[in-house]
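Chain and residue survey
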Amino acid sequence: MSQQVEVVQLLVSPAHRYMGRPSDGPSAAPDGELVRRAEVRSGLGLVGDRYYARPAHRDAAVTLMAAESLPLDIAPGTDLRHTRRNVLLRGVDIDAYVGATVALDTGAGPVLFAVRRPARPCAWMDAVIGPGAQRALRGKGGVRCTPLSDGVLTLGPAEFRVVEDAREAS
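Residues numbered from 1 in each chain as written. Predicted model: local features only at pLDDT ≥ 70, side-chain atom pairs only at ≥ 80, totals over all residues. Heavy atoms only, no water.

Check the secondary structure of the chain and you find 3 helices and 11 strands. Reading the chain from its N end, one meets helices and strands in the order β-β-β-β-β-α-β-β-β-α-α-β-β-β. Burial analysis of the chain (170 residues in total) assigns 45% to the buried set. Considering only contacts within the chain whose residues lie at least 6 apart along the sequence, 74% involve residues at least 24 apart. With the model as given, the accessible surface of the chain reaches about 8200 Å², and the carbon-plus-sulfur share is 49%. (Helix = DSSP H or I, 4+ residues; strand = E, 2+ residues; numbered from the N terminus. Buried < 20%, exposed > 50% of the residue type's maximum accessible area, 1.4 Å probe, protein only. Contact = heavy atoms within 4.5 Å. Areas by Shrake-Rupley, 256 points an atom, 1.4 Å probe, with all protein chains shown as cover.)

Pasting the structure below:
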């Protein structure tokens with residue numbers, strides 16, 4: 001069964017901005033982090049992203065997050081530049097799909113993702129979003145995924161579909 005969702009934002013950033021102590025603040029943002037189109041490569045991630053083809057991140061190279069989870073009550077205007085997730089979706093509780101394989105199709109064909117584990121919020125969330133953001137994002141900070149197919153994601157309407165649901169077996 002599929003459902004209609006929206007890809008609200010895509011972040012492809014070549015830079016790690018949250019290093020060191022949160023009290024020191026993030027590094028400067030590179031230009032062009034928010035993109036209209038992202039190329040996905042199976043087992044590697046998003047072309048041009050900081051986690052692309054990094055062995056330590058191959059099982060979690062792409063992060064998906066629900067727009068409904070953003071702590072807008074703490075900081076209106078919060079987006080992917082603050083959370084450092086890659087794909088912001090509206091219309092699906094993506095955090096509920098850990099263990100599943102999902103497909104996201106923005107019009108160029110489905111891109112498959114194995115939803116591996118939660119993307120747990122860290123202390124940086126309080127530093128860059130606002131006090132209480134880390135707590136507000138607990139359990140809804142998005143998910144870390146392995147891309148299982150090549151493809152392209154673009155902003156706008158998309159079809160979201162569960163391809164395999166290993167959650168049912170547990």
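There is more to say after this.
Here the focus is the side chain of Asp95. Within the element layout of this structure, Asp95 appears in the loop between β6 (87-90) and β7 (100-105). As a buried residue without a salt bridge, Asp95 has its nearest oppositely charged side chain in Arg85, at a separation of 7.5 Å. A distance of 2.9 Å separates a polar atom in the side chain of Asp95 from the backbone nitrogen of Gly142. (Lys, Arg positive; Asp, Glu negative; His and termini not counted. Salt bridge = Lys/Arg side-chain N within 4 Å of Asp/Glu carboxyl O. Polar contact = N/O pair within 3.5 Å; in protein donor to acceptor, adjacent residues only side chain to side chain.)

The next thing to look at is the pattern of salt bridges. In a structure, side chains of opposite charge can pair up when their charged atoms sit close to one another. Evaluated as defined, the whole model comprises 6 salt bridges. A salt bridge links Glu39 to Arg37, with the nearest nitrogen and oxygen atoms 3.5 Å apart. Among the residues examined, Glu39 registers a relative accessible area of 30% and is labelled partly exposed. Where Glu39 meets Arg41, a salt bridge forms, and the shortest distance between an N and an O atom there is 2.7 Å. With relative accessibility at 26%, the residue Arg41 sits in the partly exposed group. It is possible to trace a salt-bridge network through shared partners that takes in Arg37, Glu39 and Arg41.

In this section: the side chain of Asn86. Checked against the element boundaries, Asn86 lands in the loop between α1 (80-83) and β6. A distance of 3.3 Å separates a polar atom in the side chain of Asn86 from a polar atom in the side chain of Asp49. Setting aside residues no more than four positions away along its own chain, Asn86 makes contact with Gln9, Leu10, Leu11, Leu46, Asp49, Arg50, Ala61, Val62, Thr63 and Leu80.

Here we take up the packing of aromatic side chains. Tallied over the full model, the rule gives 1 aromatic pair. Ring centres of Tyr97 and Phe160 lie 5.3 Å apart, and the angle between their planes is 65°; on these two criteria the pair is classed as edge-to-face. Placement of the pair is Tyr97 in the loop between β6 and β7 and Phe160 in strand β11 (residues 156-165), with a sequence separation of 63 residues. Here Tyr97 matches Phe160 in class, with each residue buried. (Phe/Tyr/Trp six-rings, centres within 6.5 Å; stacked < 30°, edge-to-face > 60°.)

We now examine the environment of Val152. Locating Val152 in the fold gives a position in strand β10 (residues 151-154). Residues Val152 and Ala38, 114 residues apart in the sequence, show an inter-C-alpha distance of 5.7 Å. The contact partners of Val152, leaving out residues within four places of it in the chain, are Arg37, Ala38, Glu39, Thr106, Ala108 and Val111.

Before going further, it helps to examine the pairing of β11. In the sheet, strand β1 (residues 2-11) pairs with β11 via 6 bridges, with the strands oriented antiparallel. In the sheet register, Glu6 faces β11, and the bridge partner there is Pro157. In this structure, β7 lies alongside β11, joined through 6 bridges in antiparallel fashion. The residue of β11 that forms the bridge with Thr101 is Glu164. (Pairing = 2+ DSSP bridges.)

Strands sit in the order β4-β3-β10 across an open sheet of 3 strands; the sheet is antiparallel. With partners counted over all chains shown, the strands left at the sheet margins are β4 (45-46) and β10, one partner each. Where strand β3 (residues 37-41) lies against β4, 2 bridges are found, and the strand directions are antiparallel. In the strand pairing of β4, Val40 is matched with Leu46.

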